[in-house]
Number of protein chains: 2
Amino acid sequence: MTKKKFFNLAIVGLGNIGLNLYKHLIKNKKSIVEKNNVHFDIKYVSAKNKKKNRGISIPRKKWLQSYLDVPKLNDVDIVIELIGGAEGPAKKLVFESIRKKKHVVTANKSLISKYGDQLALLAEKNKVNIEFEAAVAGGIPIIRTLKEGLVANKTKKIYGILNGTSNFILTNMDKMNVSFSKVLNKAKKLGYAESNPKSDLNGDDVRSKVQILSSLAFNCFINKKNINQEGINFIDEIDIKNANKLGYKIKHIGLSEISEGKLIQRVNPCLIKKDSRLSNVNGVLNAVIVEGEPIGKSILQGEGAGAGPTTSALVSDICSILRGNLKYPFSVSHKKRKKINSIDISNQWFSNYIRLDVLDKKGVLSSITKIMSKNKISVKRLIQDPLKRKKYASIIIISHKAKNKNIEKCIDELHKKNFVINRPKFLRIEEI
Amino acid sequence: MTKKKFFNLAIVGLGNIGLNLYKHLIKNKKSIVEKNNVHFDIKYVSAKNKKKNRGISIPRKKWLQSYLDVPKLNDVDIVIELIGGAEGPAKKLVFESIRKKKHVVTANKSLISKYGDQLALLAEKNKVNIEFEAAVAGGIPIIRTLKEGLVANKTKKIYGILNGTSNFILTNMDKMNVSFSKVLNKAKKLGYAESNPKSDLNGDDVRSKVQILSSLAFNCFINKKNINQEGINFIDEIDIKNANKLGYKIKHIGLSEISEGKLIQRVNPCLIKKDSRLSNVNGVLNAVIVEGEPIGKSILQGEGAGAGPTTSALVSDICSILRGNLKYPFSVSHKKRKKINSIDISNQWFSNYIRLDVLDKKGVLSSITKIMSKNKISVKRLIQDPLKRKKYASIIIISHKAKNKNIEKCIDELHKKNFVINRPKFLRIEEI
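Here, residues in each chain are numbered from 1, in the same order as that chain's written sequence. Throughout, the order in which chains and ligands are written sets their labels, letters from A for the former and numbers from 1 for the latter. Reporting of local features is limited, given that this is a predicted model, to residues whose pLDDT is at least 70; pairs of side-chain atoms are given and counted only at 80 or more, and all residues count toward the totals for whole chains, interfaces and linings.

Q: Go over the pairing of strand β10 (residues 285-293) of chain B with me, naming the residues and quoting the values.
A: All names here are of chain B. Among the nine residues of β10, seven are classified as buried, and the element is accordingly described as predominantly covered. Two strands are counted as paired when DSSP detects at least two bridges linking them. Helical segments are the DSSP runs of H or I of at least four residues, strand segments are the runs of E of at least two, and each set is numbered from the N terminus. Across seven bridges, strand β6 (residues 154-161) lies against β10 in antiparallel orientation. Following the sheet pairing, Thr155 is matched in β10 by Gly292. With eight bridges joining them, β10 and strand β11 (residues 296-303) adopt antiparallel strand pairing. Residue pairing in the sheet places Leu285 in a bridge with Glu303 of β11. Adjacent in sequence and paired antiparallel, β10 and β11 are bridged by two residues. Three classes are used. A residue is buried when 20 or more other C-beta atoms lie within 10 Å of its own, exposed when 12 or fewer do, and partly exposed in between, with C-beta atoms placed from the backbone.

Structural data, given as structure tokens:
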């Protein structure tokens, strides 16, 4: 229906994802052409290691000497960046390609969360698209859904489970009742955790995704300040067990919302009720919940990463460009994007789960409750269990809502007491 | 980024949905213009009853004498049809509007499931869009997701809970342990069921939605044949109770899949395992699951109907047109749509839940099992409970997988036996 055209693609980066995309585009060329009524060709590819055995033969003429050639080539219309990382080659390639009026498709969440605002402005000036569906929850078309399917809505809150590795670990700690490190090893063996899974486990990965989702949901610039970020490495199996007994699951949640005109962004493990929609999202699955007007609550769930879902996301971006669906990268034009101030977590109110391992002696409980009361934290529920080692006890407290800064101060004070064995654990209870 | 243009809209039908859309477009005009970089105006409205108090004042100049004026007017670009029904005014308006090269947005599932193929061809010829996101699960942008977000995928199966009224009834029969008719009355009072809810309860509504989803998912023409359609009015509270005991929930499911090159379409209540994703979709919520390659399983959930979600869907359609995102109504062009033959349910294999109310006398059980065995149905599980009225018993059977025609024949034969009190109930067990 649109005028027939021809697009040349260049894929830069031929790792697991790049190779899967290459094969998918070759295999499904006919159906992609039919659906978009536009022809295309993978004109060039580029990779660090050209000699690696990839199990397929890529014609020699497609290979570029260097990825730096891509922006200079006149016969490239769409650049697919699969190098990764916020700096270096990926940054250079994407900025240069857009300057040379080439569309860009990328799965690079670090790059977008760091330079997304500049890139969006540059793309707008050069009248090209930069698309990044694969950067957030590959198997869930959340970016396209925010920009198109839910375009009518005023979003209030967007949150979910955004990292498959950490969700796999929490789910399996729960299911098999084993420690964090044991499950991490299992995840590595199964390919669900990278050899260096740091950014998946410390919340870096989810933080980038939350920043990108916030900008899209609230039409604001990417906000890097005041984000409360916690990973999952401090969670003990006993906490998961306790949560279960109390009717909760522990999940690693990324959340973004507007409260009284201010932006709140959080990335942390927390307790959520067992009947919460997210508590049943297990294994490597991701899920995103959008709350807005007039739609109410919309939930999307699917695989978060892996070659298949990521390819699905990349191809949907490519198709959007092929169809000539020219769009602002963040839904509205640069000059219409707002600067929304953010607030940090200190004055936010939460119920908390607190676990104290203490010497089982007289006066301990009264001392604990005194410190809590001094910090304006009141007890909703308290369970004391003897520990295996004699003379020790574990105290589990569910608090009423309290300011985050008060609970943190309270934990510090409790930690200083000589009857407290380890640093007390606390986890917020999210009402989602 | 696209060239600035101006679109005139005409809304035909100002019931609950039409009025909500009118207000939403007026209130959110600025943000819609910003997001699409195109101006628009609601130029005309039309409704059967012009004098009804709608709580807002619509300028007199916007009112048309008759909806039949719409296609003739040169200053209308997008027609929003909210009359409803597959025939009569709605059909006339939509066909005529497209002939006159106007884009159409509609929430009319009956019209699309009946005349969608003709309308799509006509729209293609006239180079206009016909969009119908609101026809299927308003709060779930499933149509846009199939056409864009999941465009890369080869769908194998699409299914879900597609009617809020029947899901509300089944959920509440379960929760409150009351009869179908009691919950139906409650649903009517709460506005979750229309005064004449026939098409919601007998599966007509879901059938239309399944037909539309099949066409989009499998790039085929709408297939009206061989659809197994059952409503929920024959479900007793005791069946829901029994299902619970056995680890299942009863849900009304619409399903479409390709099996050995043939299309299967089903609309029926069935038992699904409690840990199935759909078993927790309660109340008026809808959910759709798409299984495809390379994405795996993608799940979307949200409110199915009501003014808010429907408005969200209508506005996303309007925005798609405003952005100039001209698309084939069913994803590919008319000549690329396939004719896929369908098969009926008779030779499909299912495990079944069977409930027999019988006279509690000697030889009954052996007679039942004999009939079952004759029809090649073997018992996986059997529970016999005495009924309150003496001399009667209830027998619950879970069968191994059997051909549907055999189970139906078996039920007929059992019904003829004089020790069987009522027609035996049977419900399929879906492995979803």
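The structure having been displayed, the exposition proceeds.
Q: Tell me about the sheet that holds strand β2 (residues 39-46) of chain B, residues and numbers included.
A: Judged by pairing direction, the sheet is parallel, and its five strands sit side by side in the order β2-β1-β3-β4-β5 (chain B) without closing on themselves. Since the sheet does not close on itself, it has two edges, and those belong to β2 and β5 (130-131) of chain B, each with one partner.

Q: Go over the sheet that holds strand β4 (residues 103-106) of chain A with me, naming the residues and quoting the values.
A: Residue and element names in this part refer to chain A. With respect to topology, five strands assemble into an open sheet ordered β2-β1-β3-β4-β5, the strand pairing being parallel. Two strands bound the open sheet, and with one partner strand each, they are β2 (39-46) and β5 (130-131). Here, residue contact means that the backbone-derived C-beta atoms of the two residues sit within 7 Å. With axes taken as lines fitted to C-alpha atoms, and helix axes fitted only over the stretch in contact, angles between N-to-C directions fall between 0 and 180 degrees. In the packing of helix α3 (residues 88-99) onto the sheet, the strands contacted are β1 (6-12), β3 (78-81), β4 and β5, and the crossing angle to β3 comes to about 165°.

Q: Account for the interface of chain A and chain B, with residues named and values stated.
A: At the interface, 43 residues of chain A touch 43 residues of chain B. Those elements that provide at least two residues to the side of chain A that touches chain B are α2 (29-36), α5 (142-149), β11 (296-303) and α11 (307-322) of chain A. Here the residues of the side of chain A that touches chain B are counted per class, giving 16 nonpolar, 18 polar and nine charged. Relative to β11(B), β11(A) is paired through three bridges, and the arrangement is antiparallel. When the bridges of β11(B) are listed, Ile299(A) appears paired with Gln301(B). In this classification, the charged set is Asp, Glu, Lys and Arg, the nonpolar set is Ala, Val, Leu, Ile, Met, Phe, Trp, Tyr, Cys and Pro, and all remaining amino acids, among them Gly, are polar.

Q: So, the relation of the copies chain A and chain B: which residues are in play, and what are the values?
A: Least-squares superposition aligns the copies on the C-alpha atoms of those residues with pLDDT at or above 70 in both. Its rotation angle being 180°, the transformation that places chain A on chain B also includes 0.0 Å of axial translation and leaves an RMSD of 0.0 Å. Viewed as a symmetry operation, the transformation between the two copies matches a two-fold axis. When C-alpha distances to the rotation axis are compared across chain A, the minimum falls at Leu300(A), with a value of 2.2 Å. Most of the interface of chain A is mirrored in chain B, where 100% of its interface residues are also at the interface.

Q: Tell me about the confidence of the model for chain A, and please be specific about residues and values.
A: Think of pLDDT as the predictor's per-residue confidence, scored from 0 to 100. Taken residue by residue, chain A gives an average pLDDT of 94. The fraction at 70 or more is 99%. Across the whole predicted complex the pTM is 0.92, and at the interface the ipTM reaches 0.89.

Q: Break down the environment of Lys114(B) for me, citing the residues and quoting the values.
A: Residues and elements named next belong to chain B. If you trace the backbone, Lys114 turns up in helix α4 (residues 109-125). Take Lys114: there are 19 C-beta atoms within 10 Å of it, and that puts it in the partly exposed class. When the C-alpha atoms of Lys114 and Phe168 are compared, they prove to be 27 Å apart, with 54 residues separating the residues in sequence.

Q: Please set out the packing of helix α12 (residues 364-374) of chain A against helix α13 (residues 404-416) of chain A residue by residue, giving values where relevant.
A: How two helices pack is summed up by the angle between their axes together with the distance between the axes. All names here are of chain A. Orientation of α12 relative to α13, taken along the N-to-C sense of each, is 150°, at an axis distance of 9 Å. Taken as axis vectors, α12 and α13 run roughly antiparallel relative to one another. As for how α12 packs across α13, the hand of that crossing is right-handed. Here α12 contributes Ile368, Ile371 and Met372 to the contact with α13, which in turn contributes Cys410, Glu413 and Leu414. By definition in this entry, angles of less than 35 degrees are roughly parallel, angles greater than 145 are roughly antiparallel, angles of 65 to 115 are roughly perpendicular, and the rest are oblique. In this scheme, a crossing is called left-handed if the near helix is turned counterclockwise away from the far one by less than a right angle; it is called right-handed if the turn is clockwise.

Q: Which residues make up the domain arrangement of chain A, and what are the values?
A: Residue and element names in this part refer to chain A. What the domain assignment reports for chain A is domain 1 (6-135), domain 2 (142-303) and domain 3 (346-429). In this document the domain limits rely on a domain assignment from an automatic tool or a database. Between the C-alpha centres of domain 1 and domain 2 the distance comes to 28 Å. Counting from both sides, the interface comprises nine residues of domain 1 and, opposite them, nine residues of domain 2. Among the residues making up the side of domain 1 that touches domain 2, the classes are represented as three nonpolar, three polar and three charged.

Q: Residues and numbers for helix α4 (residues 109-125) of chain A, please.
A: Residues and elements named next belong to chain A. One axis fitted to the seven residues ending at a residue, another fitted to the seven starting there: the angle between these axes is the bend at that residue. The largest bend in α4 amounts to roughly 80° and is located at Tyr115. Buried within α4 are the following residues: Lys109, Leu111, Ile112, Ser113, Gly116, Leu119, Ala120, Ala123 and Glu124. In this structure, the buried side of α4 is in contact with α3, β4, β5 and α9 (204-218). Following α4 by one or two positions, Lys127 has its phi on the positive side, about 55°.

Q: Break down helix α3 (residues 88-99) of chain B for me, citing the residues and quoting the values.
A: All names here are of chain B. A helix is expected to span 1.5 Å multiplied by its residue count minus one. With twelve residues, α3 ought to run about 16 Å at 1.5 Å a step, and its terminal C-alpha atoms sit 17 Å apart, in line with that. Among the residues making up α3, those that are buried are Ala90, Leu93, Val94, Ser97 and Ile98. The buried residues of α3 occupy an angular sector of 115° when the element is viewed end-on, so they sit on one face. Where α3 is buried, its residues touch β1 (6-12), β3 (78-81), β4 (103-106), α4 and β5. Read the arc as the range of directions from the helix axis to the C-beta atoms.

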